[in-house]
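Inside the fold
Now for the letters of each chain:
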There are 2 protein chains.
Amino acid sequence: MTGHAARSARLADVSSLPVEPPPATSPVPHVAPVAPVAPVLPVTPAMLAASRAGVPERGELPKYFQVKQKIDAVLDELGQGTPLPTEREFAERFGVSRMTVRQAIRELRLEGRVQRSGRSTVAAGPKLVQPLILASYTEGLRRQGRRPGRELVAFEQLAADPALASGLGVQAGAPVFHLERLLFADEERVGLESTYLSVERFPALAADFDPRTSLYAYLRTTGVVFADADERIETVLASPREVQLIGTSPALPMLLLNRVSRDRDGLPVECVRSLYRGDRFSFTAHLIAEES
Amino acid sequence: MTGHAARSARLADVSSLPVEPPPATSPVPHVAPVAPVAPVLPVTPAMLAASRAGVPERGELPKYFQVKQKIDAVLDELGQGTPLPTEREFAERFGVSRMTVRQAIRELRLEGRVQRSGRSTVAAGPKLVQPLILASYTEGLRRQGRRPGRELVAFEQLAADPALASGLGVQAGAPVFHLERLLFADEERVGLESTYLSVERFPALAADFDPRTSLYAYLRTTGVVFADADERIETVLASPREVQLIGTSPALPMLLLNRVSRDRDGLPVECVRSLYRGDRFSFTAHLIAEES
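Residues numbered from 1 in each chain as written. Chains lettered and ligands numbered in written order. Predicted model: local features only at pLDDT ≥ 70, side-chain atom pairs only at ≥ 80, totals over all residues. Heavy atoms only, no water.

Let us now look at the overall build of chain A. Of regular secondary structure, chain A possesses ten helices and ten strands. In chain A, buried positions account for 56% of the 292 residues. By sequence separation, contacts in chain A at least 24 residues apart represent 62% of the contacts at least 6 residues apart. For chain A, the exposed surface amounts to about 12,200 Å²; the carbon and sulfur share of it is 52%. (Helix = DSSP H or I, 4+ residues; strand = E, 2+ residues; numbered from the N terminus. Buried < 20%, exposed > 50% of the residue type's maximum accessible area, 1.4 Å probe, protein only. Contact = heavy atoms within 4.5 Å. Areas by Shrake-Rupley, 256 points an atom, 1.4 Å probe, with all protein chains shown as cover.)

Here it is in structure tokens:
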């Protein structure tokens, strides 16, 4: 076997390992699971020179992952909210231990393919797709035709530490409001949001604002015109306190968004830390080329 | 104790549970860990009516999480790349079992606060902050002053399935290139990217394009002017194949980005599925108000 043929074979072996299909439905198509029907291209010398060493000749697919893929196919047949067969039924059907089935279902749950409903596990609906726009959670969710809800966890006055003071454009130690609310979508707890605002700038907030309503709507009544924001998005694990409040599993990856929004004068309006269940949320951005 | 006072106490109890500090440094400040130095605000009747029932009077903080917070404080003292004390040393110092220390360090690793370096565990640097802009990985990383790298995993020709065909604006079954590359930042494997392009539109790709270089730079030489893109971002678990290629742990949350980019005529250029290590990457977006 020549070096060339060996490399081609290695590439083919790697790509024949199954790609895990991501969960469904959004304006952006999930392009992962394309079945190769045409033959693998002849590889040019330039590609070969660049191709990757160190990929195992044959990948071993863990048993739980094979079971996960089979259950995933079963889920495609079940409607949203339909209870899954029991662990024992799956174990018998696939000839594996209940422990293996449990691990597969655990991953499907972390990814939002199934969810708990009372004491049973049911097929989950698609993830919510929230646009990354300068709107509040309430406004964003309404655009998707979902029913937003907020529940107050904490409303307190703090002294700004240097990082927060810098974000809000106030002196370190200046008084800030901290408003912490649980986020709901159609009665389901999906996130936790902490908003920080300057007390000097919004002195009437504690008296006038109803925390069950949209904060952005309130801020607009005070004359704020939102202009732009910087937002950072990353994945984190929920802390025990957050797990307790959101009612989720400690191992569940969360999406953390940090936002600083500004008004038309370029003055900071708020700093926000929002935590969303990674199994229930995705975010979309519309990107415009700088060159065009 | 009046109902009012009881509610205030409950809110105070909840907010006195520690908030987990997120990892450091970015243009957007992490606003989470603000120590309350001013007294908790008197709560107005409107807030009370909206405040949340069902939060436990006292949260119990798991032992591993207490240890995690202590190690996190130790990490603040250590420089990037400095090896951590051993599990045994931590266990003795904090009076807990090595198992408890191991769980704490595992979470710190999943969150990118520590990382493996050879056989030891070292303090990690801050996450890379990649802007969500219509640029390629190579271009985005260069802007941050990091050295991007790409290694070819697969380059093949496929027949488009209906979802991919719709994304690329071609007939189902039409030939598409699939280019799969490992992404490196400063020699470290940080992600895996699959790009799909129409063979009819870019017939010379296999012959002319060097997969170690920027695809966007190549596409521009063929006359493409990028105009806009839709991108979706979510968190997923890596599949075994992806774990093998990226060299990461199966439990590590990943950031999955799906992109469809278009040219000035509104024609789709590419569909891209990029997977980034959640412990090494964050993304930022600049949001412009629609109303302004």
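In this section: the side chain of Asp279 of chain A. All names here are of chain A. Inspection of the secondary structure assignment puts Asp279 in the loop between β9 (268-277) and β10 (281-288). A residue is classified by how much of its surface remains accessible, and Asp279, at 2% relative accessible area, is buried. In terms of polar contacts, Asp279 uses its side chain to reach the side chain of Arg277, at 2.8 Å. Setting aside residues up to four positions removed in sequence, Asp279 forms contacts with Arg109, Leu110, Glu111, Gly112, Lys127, Leu252 and Pro253. (Polar contact = N/O pair within 3.5 Å; in protein donor to acceptor, adjacent residues only side chain to side chain.)

Further remarks concern helix α5 (residues 98-110) of chain A. Residues three or four positions apart in an α-helix share a direction because the helix packs 3.6 residues into each turn. Under the 1.5 Å per step criterion, the end-to-end length of α5 of chain A is 18 Å for 13 residues, consistent within 8% with the ideal 18 Å. All of the buried residues in α5 of chain A are Thr100, Val101, Ala104, Ile105, Glu107, Leu108, Arg109 and Leu110 of chain A. Contacts from the buried residues of α5 of chain A go to α3 (63-77), α4 (87-94), β1 (114-117), β2 (120-123) and β8 (253-263) of chain A together with β7 (226-237) of chain B. Looking one or two residues beyond α5 of chain A, the residue adopting positive phi is Gly112 of chain A, at roughly 80°. (Expected span 1.5 Å × (residues − 1).)

In terms of nonpolar packing, the biggest core is built from 70 residues, with Leu205, Leu219 and Phe283 of chain A together with Leu205, Leu219 and Phe283 of chain B touching the most fellow members. If near-sequence neighbours (up to four positions away) are discounted, Phe283 of chain B is found in contact with Glu231, Arg232 and Ile233 of chain A together with Gln130, Leu132, Ile233, Leu255, Leu257 and Tyr276 of chain B. (Core = buried A, V, L, I, M, F, W, Y, C linked by side-chain atoms within 4.5 Å.)

Our next topic: the packing of aromatic side chains. All names here are of chain A. One pass over the full model with this rule turns up 20 aromatic pairs over all chains. Geometrically, the ring pair formed by Tyr137 and Phe281 is tilted, given 6.5 Å between the ring centres and 40° between the ring planes. Pair noted here: Tyr137 is in helix α6 (residues 137-143) and Phe281 is in strand β10, with a separation of 144 residues, a long-range link. For the pair formed by Tyr137 and Phe281, the shared burial category is buried. Here the aromatic residues Tyr137, Tyr276, Phe281 and Phe283 are joined through ring pairs into a cluster of three or more. (Phe/Tyr/Trp six-rings, centres within 6.5 Å; stacked < 30°, edge-to-face > 60°.)

The next subject is the sheet that holds strand β5 (residues 175-185) of chain B. Read across the sheet, eight strands follow the order β3(A)-β10(A)-β7(B)-β8(B)-β9(B)-β6(B)-β5(B)-β4(B) without closing on themselves; strand pairing throughout is mixed. Among the strands making up the open sheet, the edge pair consists of β3 (128-131) of chain A together with β4 (148-159) of chain B. Strand after strand, the sheet turns through a mean of 20° between neighbouring axes, direction not considered. (Pairing = 2+ DSSP bridges. Axes fitted to C-alpha atoms, helices over the stretch in contact; angles between N-to-C directions.)

Reading across the sheet, the eight strands line up as β4(A)-β5(A)-β6(A)-β9(A)-β8(A)-β7(A)-β10(B)-β3(B) and stay open at both edges, with mixed pairing between neighbours. Each edge of the open sheet carries a strand with a single partner, namely β4 (148-159) of chain A together with β3 (128-131) of chain B. The average angle at which neighbouring strand axes cross in this sheet is 20°, direction not considered.

Remember that side chains alternate between the two faces of the sheet whenever the strand is regular. For β10 of chain A, a buried count of six out of eight residues is recorded, marking the element as mostly surrounded by other parts of the structure. Taken together, the four bridges between β3 of chain A and β10 of chain A define a ladder with parallel strand orientation. Note that in β10 of chain A the partner of Pro131 of chain A across the bridge is Thr284 of chain A. Bridge count between β10 of chain A and β7 of chain B: six bridges; the pairing is antiparallel. Note that in β7 of chain B the partner of Ile288 of chain A across the bridge is Asp228 of chain B.

Within the secondary structure, Ser274 of chain A is located in strand β9. Ignoring sequence-local partners within four residues, the contact set of Ser274 of chain A consists of Leu192, Glu193, Leu255, Leu256 and Leu257 of chain A.

Another aspect to go through is the packing of helix α4 (residues 87-94) of chain B against helix α5 (residues 98-110) of chain B. Residues and elements named next belong to chain B. Closest axis-to-axis distance for the α4/α5 pair is 8 Å, and the angle between their directions is 110°. Comparing the axis directions of α4 and α5 gives the class roughly perpendicular. With respect to the hand of their crossing, α4 and α5 are arranged in right-handed fashion. Judged by residue contacts, Glu87, Arg88, Phe90 and Ala91 of α4 engage Arg98, Val101, Arg102 and Ile105 from α5. Its residues placed into classes, the contact of α4 with α5 shows four nonpolar, no polar and four charged. (Parallel < 35°, antiparallel > 145°, perpendicular 65-115°, else oblique. Left-handed = near helix turned anticlockwise from the far one by under 90°. Nonpolar A, V, L, I, M, F, W, Y, C, P; charged D, E, K, R; others polar.)

Quick look at the pairing of β9 of chain A now. Residues and elements named next belong to chain A. Of all ten residues in β9, ten are buried, a share of seventy percent or more. Relative to β9, strand β6 (residues 188-198) runs antiparallel, the two being bridged by six bridges. Looking at β9, one finds that Gly191 is bridged to Tyr276. Bridge analysis of β8 against β9 gives nine bridges, and the strand direction is antiparallel. Bridge pairing in β9 links Arg262 to Pro268. Connecting the antiparallel pair β8 and β9 is a turn made up of four residues, with Gly266 showing a positive phi of about 80°.

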